[in-house]
Amino acid sequence: MEKRTLGKTGWGISVIGFGGIKLSRLSHKECEILLNRAIDSGINFVDTADCYGDSEAKIGTALRTRRKEFYLSTKIDERDGSGVEKKLQRCLRRLKTDWIDLVLFHDVRGSEYDRIFDSGGLEALEKAKRQGTILEIGISIHHSLPMMRAAIESGLFSALMVSYSALDEDRLAADILPMAYENGVGLIAMKPLAGGILAERASSIKNRKLNLGESLAQICLRYVLTNPNITCAIPGMMKLYELDENLQVGKSPRELTMEEIKVLMESVGDAGKGFCRNCGYCVPCPEGVPISDIFRFESYYERYGLKEWAIEQYRLLEVKVDACSECAQCLELCPYDVSIPERLKIAHQILQ
Ligand code: SF4
Ligand code: SF4
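Residues numbered from 1 in each chain as written. Chains lettered and ligands numbered in written order. Predicted model: local features only at pLDDT ≥ 70, side-chain atom pairs only at ≥ 80, totals over all residues. Heavy atoms only, no water.

### Section: the domain arrangement of the protein chain
Phase 1 of the analysis: As far as domains go, the protein chain holds domain 1 (3-268) and domain 2 (291-351).
Phase 2 of the analysis: Computed over C-alpha atoms only, the centres of domain 1 and domain 2 are separated by 24 Å.
Phase 3 of the analysis: If you look at the interface, domain 1 gives 17 residues, while domain 2 gives 10 residues.
Phase 4 of the analysis: Interface of domain 1 and domain 2: buried area, both sides summed, is about 1200 Å²; carbon and sulfur atoms make up 46% of it.
Phase 5 of the analysis: Its largest share of buried area at the contact with domain 2, domain 1 owes to Ile 21, Arg 25 and Arg 109, together 36% of the area lost on that side.
Phase 6 of the analysis: On inspection of domain 1 and its partner domain 2, the count reaches two salt bridges. (Domains from an automatic or database assignment. Contact = heavy atoms within 4.5 Å. Buried area = accessible area lost by both parts, 1.4 Å probe. Salt bridge = Lys/Arg side-chain N within 4 Å of Asp/Glu carboxyl O.)

### Thoughts on the packing of aromatic side chains
Phase 1 of the analysis: In the structure shown here, the tally under the stated rule is six aromatic pairs.
Phase 2 of the analysis: Seen from their ring centres, Trp 11 and Tyr 71 are 4.6 Å apart, and the 20° between their planes marks the pair as stacked. Residue Trp 11 is found in the loop between strand E1 (3-5) and strand E2 (12-14), and its partner Tyr 71 is found in strand E5 (residues 71-76); the two are separated by 60 residues along the sequence.
Phase 3 of the analysis: Measuring from ring centre to ring centre gives 5.2 Å for Tyr 300 and Trp 309, while their planes differ by 35°; the resulting arrangement is tilted.
Phase 4 of the analysis: By relative accessible area, Trp 309 is classed as buried at 15%.
Phase 5 of the analysis: Taken together, the aromatic side chains of Tyr 113, Phe 117 and Phe 157 make up a single cluster linked through ring pairs.
Phase 6 of the analysis: Stacked on the ring of Tyr 300, the Lys or Arg Arg 296 has its end atom at 5.8 Å from the ring centre. (Phe/Tyr/Trp six-rings, centres within 6.5 Å; stacked < 30°, edge-to-face > 60°. Helix = DSSP H or I, 4+ residues; strand = E, 2+ residues; numbered from the N terminus. Buried < 20%, exposed > 50% of the residue type's maximum accessible area, 1.4 Å probe, protein only. Lys NZ or Arg CZ within 6 Å of the ring centre and 35° of its normal.)

### Topic: the site of ligand 1
Phase 1 of the analysis: Around ligand 1, the neighbouring residues are Cys 285, Pro 286, Glu 287, Ile 291, Cys 324, Ser 325, Glu 326, Cys 327, Ala 328, Cys 330, Pro 341 and Leu 344.
Phase 2 of the analysis: Within the shell around ligand 1, the residues separate by chemical class into nine nonpolar, one polar and two charged. (Near = heavy atom within 4 Å. Nonpolar A, V, L, I, M, F, W, Y, C, P; charged D, E, K, R; others polar.)

### Side note on the packing of helix H13 (residues 291-304) against helix H14 (residues 307-316)
The relative placement of two packed helices comes down to the angle between their axes together with the axis-to-axis distance.
Phase 1 of the analysis: As a packed pair, H13 and H14 sit with axes 8 Å apart at the nearest point and diverge in direction by 160°. As judged from the angle between their axes, H13 and H14 are roughly antiparallel. Crossing geometry of H13 relative to H14 is assigned as left-handed. Counted together, Ile 294, Arg 296, Phe 297, Tyr 300 and Tyr 301 of H13 and Lys 307, Trp 309, Ala 310, Ile 311, Gln 313 and Tyr 314 of H14 form the full contact between these two elements.
Phase 2 of the analysis: When the residues that make up the contact of H13 with H14 are grouped by side-chain class, the tally is eight nonpolar, one polar and two charged. (Axes fitted to C-alpha atoms, helices over the stretch in contact; angles between N-to-C directions. Parallel < 35°, antiparallel > 145°, perpendicular 65-115°, else oblique. Left-handed = near helix turned anticlockwise from the far one by under 90°.)

### Some thoughts on unusual backbone geometry
Phase 1 of the analysis: Phi angles above zero are rare outside glycine, and Lys 96 is one such case at about 55°.
Phase 2 of the analysis: By the secondary structure assignment, Lys 96 is in the loop between helix H3 (81-95) and strand E6 (100-105).
Phase 3 of the analysis: Residue Ala 328 is not a glycine yet carries a positive backbone phi of 75°.
Phase 4 of the analysis: You can see Ala 328 is positioned in the loop between H14 and helix H15 (329-333).
Phase 5 of the analysis: By relative accessible area, Ala 328 is classed as partly exposed at 25%.

### A closer look at the sheet that holds strand E9 (residues 186-190)
Note: strands within a sheet are paired through backbone hydrogen bonds, in either parallel or antiparallel orientation.
Phase 1 of the analysis: Strand order in the open sheet formed by eight strands is E3-E4-E5-E6-E7-E8-E9-E10, with parallel pairing between adjacent strands. Looking at strand neighbours, the two that pair on one side only are strand E3 (18-19) and strand E10 (232-233), the edges of this open sheet.
Phase 2 of the analysis: On the sheet, helix H5 (residues 121-131) packs against E6 and strand E7 (134-140) and is oriented at approximately 155° with respect to E7. (Pairing = 2+ DSSP bridges.)

### Observations regarding empty space enclosed by the protein
Phase 1 of the analysis: Per the stated rule, a full pass over the model turns up four cavities of 30 Å³ or more.
Phase 2 of the analysis: There is about 100 Å³ of room inside the second largest cavity.
Phase 3 of the analysis: Along the walls of the second largest cavity sit 16 residues, with Cys 285, Pro 286, Cys 324, Cys 327 and Cys 330 positioned nearest its centre.
Phase 4 of the analysis: The set of elements that each furnish at least two residues to the lining of the second largest cavity consists of H15 and helix H16 (340-351).
Phase 5 of the analysis: Across the lining of the second largest cavity, the residue classes tally to 12 nonpolar, two polar and two charged. (1 Å grid on protein atoms, 1.4 Å probe; cavity = no way out; pocket = protein on both sides within 12 Å on 5 of 7 lines; lining within 4 Å. Points joined across faces, edges and corners; volume = space filled by probe spheres on them.)

Okay, here's the thing in structure tokens:
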């Protein structure tokens, strides 16, 4: 398995990491088989999050005797000091370990970035680092390029987790990714298949032009790893064949040629249109509807099986879909042609 260095941590990370978001849909036994096969096959980076259902507990149980064989990464939604401390203790308990290699602030948005600094969240993780319960601190940011830039420039984070797939905008690749690399911030690519959209639409995409001798998922992973600034990609896995396909990519690394990338881009075409990419360009909504949050909860419900978590997050929102006045302002701002008011109603039905 090819390894790359995770920024200034100096860790040699397998280019394919294990994304644990789907594990809550599997039994403990299935997780044990899948995760052990992953480690046996050379994957040495396992990522999860406090909010991924019982993913942490399943990883903890399946790999408790192999803790030194892999780098363990988890993510915390809290921003304030006491919240972070409590969640970190829960992560350690659920993961059945004395230390976590990398803890990231999860999906930081808007004013939350400042809250990490102002309300003690970062301080809590730095304290945990001094105590040895965590080794490195990272941050995951889904859409804000200025926030990514600020996080890199701060010098406070060892790793940055970003959504990056063949559907992602060039600006991320051209600007943020090299900047992170040059500043020693390790880049972890989440959603390398655009949250499953590329795999779901594989048949229609293939029918167009793509015929590169591998599955679309494999080509898309190669696309992500062709970018030398990326340390590893963490596709979510729940089936053995998915793991095996991903392993093949990591074990036979090959950069896509310019011609192949051109074919991929032409084939993918507008597959990214019509579904929310969480880019955040449509905010603020004049009625305060948190559009991208609602679509994110819906996708966690639909694609990752995190139903209870998604329903609870929606329940906690102060402004929900019923506040939408259908003014259509957001429609003009969305670059991905999402029929926002219409799609919001569907999300509401699912999440309420
Ligand atoms: S259509 Fe609804 S969601 Fe979109 S900006 Fe107007 S009020 Fe907000
Ligand atoms: S609805 Fe459109 S503009 Fe808004 S976050 Fe989603 S993709 Fe971006």
